[in-house]
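# Analysis of the macromolecular model
The residues making up each chain are set out below.
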Amino acid sequence: MAVDRRGFLKFVAGATTGVLATPVPWKLLDDASIWTQNWSWIPRNVDGANSYVSTISKLCPSAAGMKVRLVGERPVRVLPDDNHPLSMGGITALAVAEVQLMYSPSRVKRPLKHAGDGAYVAISWEEAEKMLKENLRRAGSKVAYVSGDETGTINELLSGMAKESGSEDFYVMPSEVQPAALAFASMNGKGQLGYDIENSDYVFAIGANILESWGTVLRNRAAFKKSHPAAKKPTVKFVYAGPVQNNTAAGADEWLPAKSGAEAIVAMGIANLLIKSGATINAPDFAEFKALAAQYTPQKVAALAGVAPAKLKAIAAELSKAQRPVVLTGSEFGQGTGVATVLAGTAVNMLLGSFGREGGVKALPLAPKVIASGMDRSESAQKDLVAYLSRISAGKVSKPRAMVFYEANPVYGLPQPAAMAKVMDKVPFKVAFTSFLDETAKACDLILPTPLGLERFDDVETPYGIGQAFYSLARPVAPCVIDGKPAADVLLSVATQLNMDLGFATFEEILQAKAEAAGADWDSLMEGEFFTSDAVAEQSNLRIAADVIGKALAAAPKAAKLSIAPVQKLSLGTPNTAIPPYNNKTIRRWELQKNEMYVAMNGATARELGVVKHDRIKLSNSSGSIQARVNIFEGVMPNTIAVLMGFGHTAFDEFSKGKGENVMELLTVGYEAGTGQSVWNVAGVNVSKA
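Everything quoted here is computed from the prediction, not taken from an experiment.

As a further point, take the overall build of the protein chain. Each helix and strand in the protein chain was counted, giving 23 helices and 28 strands. Here the C-alpha coordinates of the protein chain stretch approximately 90 × 65 × 55 Å along the principal axes. Per-residue burial for the protein chain yields a buried fraction of 58% across its 690 residues. For the protein chain, restricting intrachain contacts to residue pairs at least 6 apart in sequence, the fraction spanning at least 24 positions comes to 74%. As presented, the protein chain carries roughly 27,000 Å² of accessible surface, and 52% of it is formed by carbon and sulfur atoms. Taken as two groups, the 70 positive and 67 negative side-chain charges of the protein chain have centres that lie 8 Å from each other.

Moving on, we come to the sheet that holds strand S17 (residues 458–461). Within the open sheet, the three strands sit side by side as S17-S18-S19. Their pairing is antiparallel. Strands at the two margins of the open sheet, each flanked by one partner only, are S17 and strand S19 (531–533). Looking at each pair of strands side by side, their axes are set apart by 10° on average, direction ignored. Bridge count for strand S18 (residues 469–474) against S19 is three bridges, and the pairing is antiparallel. Opposite Tyr 471, over in S19, you have Phe 531 as the bridge partner.

The subject of this paragraph is the pattern of salt bridges. Counted under the stated rule, the structure contains 24 salt bridges. With a shortest N-O distance of 3.8 Å, Asp 458 and Lys 58 are connected by a salt bridge. Here Lys 58 lies in the loop between strand S1 (50–56) and strand S2 (65–71) and Asp 458 lies in strand S17, a separation of 400 residues in the sequence. Owing to a relative accessible area of 15%, Lys 58 belongs among the buried residues under this scheme. Between Lys 237 and Glu 254 there is a salt bridge whose closest N-O contact spans 3.1 Å. A residue pair is termed long-range when its members are at least 10 positions apart, and Lys 237 in strand S10 (residues 237–242) and Glu 254 in strand S11 (residues 254–257) qualify at 17 residues. What makes Lys 237 partly exposed here is its relative accessible area of 24%. Overall, the relative accessible area of 15% leaves Glu 254 in the buried class. When salt bridges that share partners are traced, they join Lys 58, Asp 149, Glu 407, Arg 456 and Asp 458 into one network.

On to the pairing of strand S25 (residues 640–644), then. Among the five residues of S25, five are classified as buried, and the element is accordingly described as predominantly covered. Here S25 shows two buried faces, one formed by Thr 640, Ala 642 and Leu 644 and the other by Ile 641 and Val 643. As defined by bridge partners, strand S20 (residues 563–567) adjoins S25 across five bridges and the pair is classed as parallel. Each bridged residue has a counterpart across the sheet, and for Ile 564 the counterpart in S25 is Ile 641.

This part is about the layout of surface pockets. Rolled over the atoms, a probe as big as a water molecule pinpoints where empty space is left. As a volume, the largest pocket reaches approximately 680 Å³. Around the largest pocket sit 35 residues that line it, and Gly 261, Ala 555, Ala 556, Pro 557 and Val 682 are the ones nearest its centre. By residue class, the composition of the lining of the largest pocket is 22 nonpolar, nine polar and four charged.

Before going further, it helps to spend a moment on the side chain of Thr 450. Mapped onto the elements, Thr 450 comes out in the loop between strand S16 (446–449) and S17. Setting aside residues no more than four positions away along its own chain, Thr 450 makes contact with Arg 107, Glu 407, Phe 433, Thr 434, Ser 435, Arg 456, Ile 482, Lys 485 and Ala 487.

In this section: the packing of helix H10 (residues 286–293) against helix H22 (residues 546–554). Interhelical geometry of H10 versus H22 gives an angle of 25° and a closest axis separation of 9 Å. When the axes of H10 and H22 are compared, the pair comes out roughly parallel. Here H10 runs over H22; the crossing is left-handed. Along the contact surface, H10 presents Glu 288, Phe 289 and Leu 292, while H22 presents Ala 546, Asp 547, Ile 549 and Gly 550. Residues belonging to the contact of H10 with H22 are distributed by class as follows: four nonpolar, one polar and two charged.

Turning to the side chain of Asp 81, a few remarks are in order. Residue placement: Asp 81 occurs in the loop between strand S3 (74–80) and helix H3 (98–101). Buried charge without a salt bridge: Asp 81, with Lys 67 as the nearest opposite-charge side chain at an N-O distance of 4.6 Å. Not counting residues within four places of it along the chain, the set of residues in contact with Asp 81 comprises Ser 54, Gly 65, Met 66, Lys 67, Ser 87, Met 88, Gly 89 and Gly 90.

Below, the discussion takes up the sheet that holds S2. Across the sheet, which stays open at both edges, the three strands sit in the order S1-S2-S3 with antiparallel pairing between neighbours. Unpaired on one side and paired on the other, S1 and S3 mark the two borders of the sheet. Each adjacent strand pair in this sheet contributes to an overall mean axis angle of 30°, direction not counted. For S2 and S3, the ladder comprises six bridges, and the chain directions are antiparallel. Across the sheet, the residue bridging to Lys 67 is Leu 79, located in S3.

The next thing to look at is empty space enclosed by the protein. Considering all chains together, one arrives at seven cavities of 30 Å³ or more under this definition. Estimated volume of the second largest cavity: approximately 90 Å³. If you go around the second largest cavity, you meet 13 residues; those closest to its centre are Pro 174, Ser 175, Gln 178, Gln 677 and Trp 680. Partitioning the lining of the second largest cavity into residue classes produces five nonpolar, six polar and two charged.

This part covers the environment of Lys 689. Mapped onto the fold, Lys 689 is located in strand S28 (residues 686–689). Take Lys 689: its relative accessible area is 56%, and that puts it in the exposed class. Each C-alpha atom, one on Lys 689 and one on Lys 233, is 47 Å from the other, the two residues being 456 residues apart in sequence. Setting aside anything within four residues of it in sequence, one finds Lys 689 in contact with Gly 610, Val 611, Asp 615, Arg 616 and Ile 617. Within the local environment of Lys 689, its side chain forms a polar contact with the backbone oxygen of Gly 610, the two atoms lying 3.5 Å apart.

Cut-off values and rules
Residues numbered from 1 in each chain as written. Predicted model: local features only at pLDDT ≥ 70, side-chain atom pairs only at ≥ 80, totals over all residues. Heavy atoms only, no water. Helix = DSSP H or I, 4+ residues; strand = E, 2+ residues; numbered from the N terminus. Buried < 20%, exposed > 50% of the residue type's maximum accessible area, 1.4 Å probe, protein only. Contact = heavy atoms within 4.5 Å. Areas by Shrake-Rupley, 256 points an atom, 1.4 Å probe, with all protein chains shown as cover. Lys, Arg positive; Asp, Glu negative; His and termini not counted. Charge placed at Lys NZ, Arg CZ, Asp CG, Glu CD. Pairing = 2+ DSSP bridges. Axes fitted to C-alpha atoms, helices over the stretch in contact; angles between N-to-C directions. Salt bridge = Lys/Arg side-chain N within 4 Å of Asp/Glu carboxyl O. 1 Å grid on protein atoms, 1.4 Å probe; cavity = no way out; pocket = protein on both sides within 12 Å on 5 of 7 lines; lining within 4 Å. Points joined across faces, edges and corners; volume = space filled by probe spheres on them. Nonpolar A, V, L, I, M, F, W, Y, C, P; charged D, E, K, R; others polar. Parallel < 35°, antiparallel > 145°, perpendicular 65-115°, else oblique. Left-handed = near helix turned anticlockwise from the far one by under 90°. Polar contact = N/O pair within 3.5 Å; in protein donor to acceptor, adjacent residues only side chain to side chain.

Below, the structure written as structure tokens:
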């Protein structure tokens with residue numbers, strides 16, 4: 001059959017359309033792009049049958065549920081799990097990198113000890129466990145444990161070992177969990193605050209970066225996606241209040257610019273307007289709260305938080321009209337906020353009738369602890385790591401003789417990290433259980449490699465932010481690719497040799513007991529299922545804790561003339577993972593150029609500072625200084641400088657080390673009046689040309 005020019009062009013167009021329509025070439029290109037990059041540490045492709053295993057991420061703070069695709073016995077890719085309640089068909093940029101991170105060049109591949117000349121020396125596990133045991137025995141009760149795991153039962157093991165040795169010094173790295181737990185405890189609450197975002201018809205996030213870093217992010221995104229169908233009118237209104245148009249603000253129906261650290265003030269302004277419209281709370285200290293809230297007029301909120309009075313009134317009116325509104329409060333960068341912020345937000349929910357109601361706030365039951373000497377989550381939330389290290393630095397408490405770090409990187413991830421590192425220098429013996437050679441591991445005498453979540457048994461219990469009780473197992477989907485051992489099993493072995501009685505011989509036994517305590521079926525969990533419950537914790541004598549809010553706000557520091565606003569993105573990893581190699585591609589052009597980071601400010605702020613785009617500047621305050629170049633972005637409040645978190649690593653690999661600078665250098669630790677909780681969500685800064 002002869003084909004003329006027009007027919008040929010139709011054929012080409014049709015073929016092109018067909019290629020574009022089918023997912024096959026894109027899938028092949030995607031696989032090829034992954035497996036053909038010539039990094040020496042990438043394993044070669046293998047042949048074999050495809051299979052899929054359901055599990056949960058232990059690297060991603062949002063505890064993403066996921067499916068792992070295996071070819072033969074090798075995991076090759078992480079995929080979304082449509083049926084998992086914590087992911088609902090979504091996946092985070094951090095969780096999706098877990099398979100690649102198994103082969104990361106920064107993984108610790110065998111036990112290491114720090115030699116006298118500063119070098120690392122490979123040692124056997126036998127020598128490593130002997131060294132750990134002897135140093136813990138020598139330290140006696142002068143030992144401290146630090147965990148980077150918010151949701152795992154290993155915290156009971158770590159805190160149990162501390163208590164068995166006579167120490168109360170067990171700490172979890174700071175996050176949104178501690179202020180929320182302290183707030184609910186001060187209200188006489190029992191259980192953990194949960195947020196039923198899925199069934200709400202109006203979501204007001206004050207500071208809480210719900211689509212990027214606050215709570216169970218994938219579940220939050222699924223609720224947003226469901227309520228915002230393409231080309232249709234949204235069924236739920238999302239409003240975000242914060243200093244920067246971050247990913248949550250960009251996706252929300254409305255962005256309400258508000259200064260960093262002013263979350264409680266915004267909430268109190270809303271509370272004042274709701275009370276004026278007739279809202280009330282059946283609590284013994286409501287009269288005290290009402291008098292306190294009356295001080296936060298729209299004009300005062302405008303002066304302290306930068307929120308326009310008309311906007312505040314409009315939001316309060318919309319919340320009043322909604323049937324199932326919910327208010328979420330937190331830090332825009334996932335840490336450093338005070339107890340008063342959570343209390344003020346919870347009070348607004350109570351005024352809206354949203355406490356204990358579908359679509360509102362719930363008190364979720366937590367499984368009882370299974371290690372008798374260990375701390376439960378409420379008890380561990382009382383322990384303030386930053387305050388502890390600061391007291392050591394000030395000489396107010398004696399330094400421990402040994403510190404044990406479990407998947408925690410305080411040398412990078414805490415405010416004023418240089419000061420934290422100096423504290424660690426005072427400790428005679430430090431050991432890190434870690435998967436990667438991070439900043440804290442480099443400061444330790446002994447480094448013990450742990451399998452990643454895809455290579456070990458672990459668990460996740462009711463992550464903060466979820467609206468129902470939850471329990472799930474992380475199961476090994478592949479053999480460990482390094483000479484690593486699960487930290488829990490190593491610690492149990494050492495505990496036995498130190499004559500500690502933790503009640504269990506293996507970590508699997510502990511997890512089985514925890515599953516039973518949570519009400520979950522072990523066999524189902526082992527098959528990749530999960531446990532959820534809509535049960536709520538019964539409450540009695542619930543109060544607002546108006547006195548706590550009042551003391552905190554009365555002594556709150558005034559906003560500086562020029563403030564910084566840290567911005568968190570999950571794609572840039574955590575202090576424990578740094579930037580996963582493939583995620584460097586998600587860094588935008590004017591966030592990082594080679595090794596120089598950019599900070600963002602709006603045009604008016606730039607003009608006032610006398611700088612233009614690409615200028616190199618120095619940001620400094622009493623805590624430290626960093627250098628960066630200027631980007632102009634009108635999605636930043638006036639007199640605010642947005643600084644991306646996740647840069648400035650001095651450890652890990654070529655994909656993270658030496659790229660930009662660490663914004664934590666500029667965050668200054670203070671203490672919240674009334675609670676004593678350490679806070680660092682407000683930081684003034686000076687700018688000069690570098």
